[in-house]
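Structure at a glance
Here is how the chains run, residue by residue.
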Amino acid sequence: MKSKFFSNEIERVVFTEAEIEAVVAKMGRQITKDYAGRSPLLVSVLRGGMIFVADLMRHIDLPVSVDFMAITSYGPKAASGVVQVVKDLDDPITKRDVIVVEDIIDTGLTLNYLKQILLAKEPASLSICTLLDKSVRRIANIPLAYKGFDLEDVFVVGYGLDFNQAYRNLPYLGVLKEDRIKDLNFI
Ligand code: 5GP
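Residues numbered from 1 in each chain as written. Predicted model: local features only at pLDDT ≥ 70, side-chain atom pairs only at ≥ 80, totals over all residues. Heavy atoms only, no water.

**Quick notes on the site of the ligand**
Surrounding the ligand, one finds 15 residues, the nearest of these being Thr107, Gly108, Thr110, Val156 and Asp162. Within the side chain of Thr110, one N or O atom sits 2.4 Å away from an oxygen atom of the ligand. For the ligand, whose free accessible area comes to 510 Å², the fraction covered by protein is 85%. When residues of the shell around the ligand are traced back to their parent elements, those giving at least two are strand S5 (97–105) and helix H4 (109–119). Looking at the shell around the ligand element by element, the count peaks at three residues for S5. A per-class count over the shell around the ligand returns seven nonpolar, three polar and five charged. (Near = heavy atom within 4 Å. Polar contact = N/O pair within 3.5 Å; in protein donor to acceptor, adjacent residues only side chain to side chain. Areas by Shrake-Rupley, 256 points an atom, 1.4 Å probe, with all protein chains shown as cover. Helix = DSSP H or I, 4+ residues; strand = E, 2+ residues; numbered from the N terminus. Nonpolar A, V, L, I, M, F, W, Y, C, P; charged D, E, K, R; others polar.)

In structure tokens:
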């Protein structure tokens, strides 16, 4: 889908719809192989991860289930990564093979904290799957079992990722024009 509405606001496309589709399919195939004979539970973090998990699960040829969490940062995120769980998982994860499905890992602080919350519930296993890895900004060292793309240090929107709650419905991942970012008081 070509977006007429947003096309003036995007500086450049970083990953096209076709590139995303191919990488998500590949990740799904790998998970299918790695978890053969098991029924993993995909844990998706709202709201950014919703589109990715919806696409990814359709490429996993296993009886997967999916559950959602919503979190908000607590105080200055860069300082601690401490998050508040505003929507917890609906089902228990004890003894389940859990795959946390994230849209993007930046400093890794949020996920590091989330991982501790999940591990306390004693899953059988816990692995991390991310579509985007902004590893140059990483502070917390998190082993990634599955990753789609490496991303340079740019702020991207689209495919579930927002800026001030907009742009999530773009089918590709792109960088916003600078004036757009200024308009929206990006800090
Ligand atoms: P971290 O704790 O890893 O620094 O934070 C990750 C979160 O920051 C992501 O889940 C996402 O909400 C936000 N984030 C980091 N980089 C980007 C980006 O390039 N674009 C958007 N839209 N959000 C980002």
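**A word on the side chain of Asp103**
Its place among the elements puts Asp103 in strand S5. There is no salt bridge for the buried Asp103, and the closest opposite charge comes from Arg168, which lies 5.9 Å off by N-O distance. Those residues within four positions of Asp103 in sequence are excluded, and the remaining contacts are Gly48, Gly49, Thr130, Leu131, Leu132 and Leu161. (Buried < 20%, exposed > 50% of the residue type's maximum accessible area, 1.4 Å probe, protein only. Lys, Arg positive; Asp, Glu negative; His and termini not counted. Salt bridge = Lys/Arg side-chain N within 4 Å of Asp/Glu carboxyl O. Contact = heavy atoms within 4.5 Å.)

**Observations regarding the sheet that holds strand S3 (residues 65–73)**
Spatial ordering of the open sheet is given by S4-S3-S2-S5-S6-S7, a layout of six strands whose pairing is mixed. A strand with exactly one partner marks an edge of an open sheet, and here the two such strands are strand S4 (83–87) and strand S7 (146–150). Averaged over neighbouring strand pairs, the angle between their axes works out to 30 degrees when direction is ignored. Relative to S4, S3 runs antiparallel, the two sharing four bridges. Looking across to S4, one finds that Ala70 is bridged to Lys87. Docked against the sheet, helix H2 (residues 50–57) engages strand S2 (41–46), S3, S5 and strand S6 (125–133), running at close to 160 degrees with respect to S2. (Pairing = 2+ DSSP bridges. Axes fitted to C-alpha atoms, helices over the stretch in contact; angles between N-to-C directions.)

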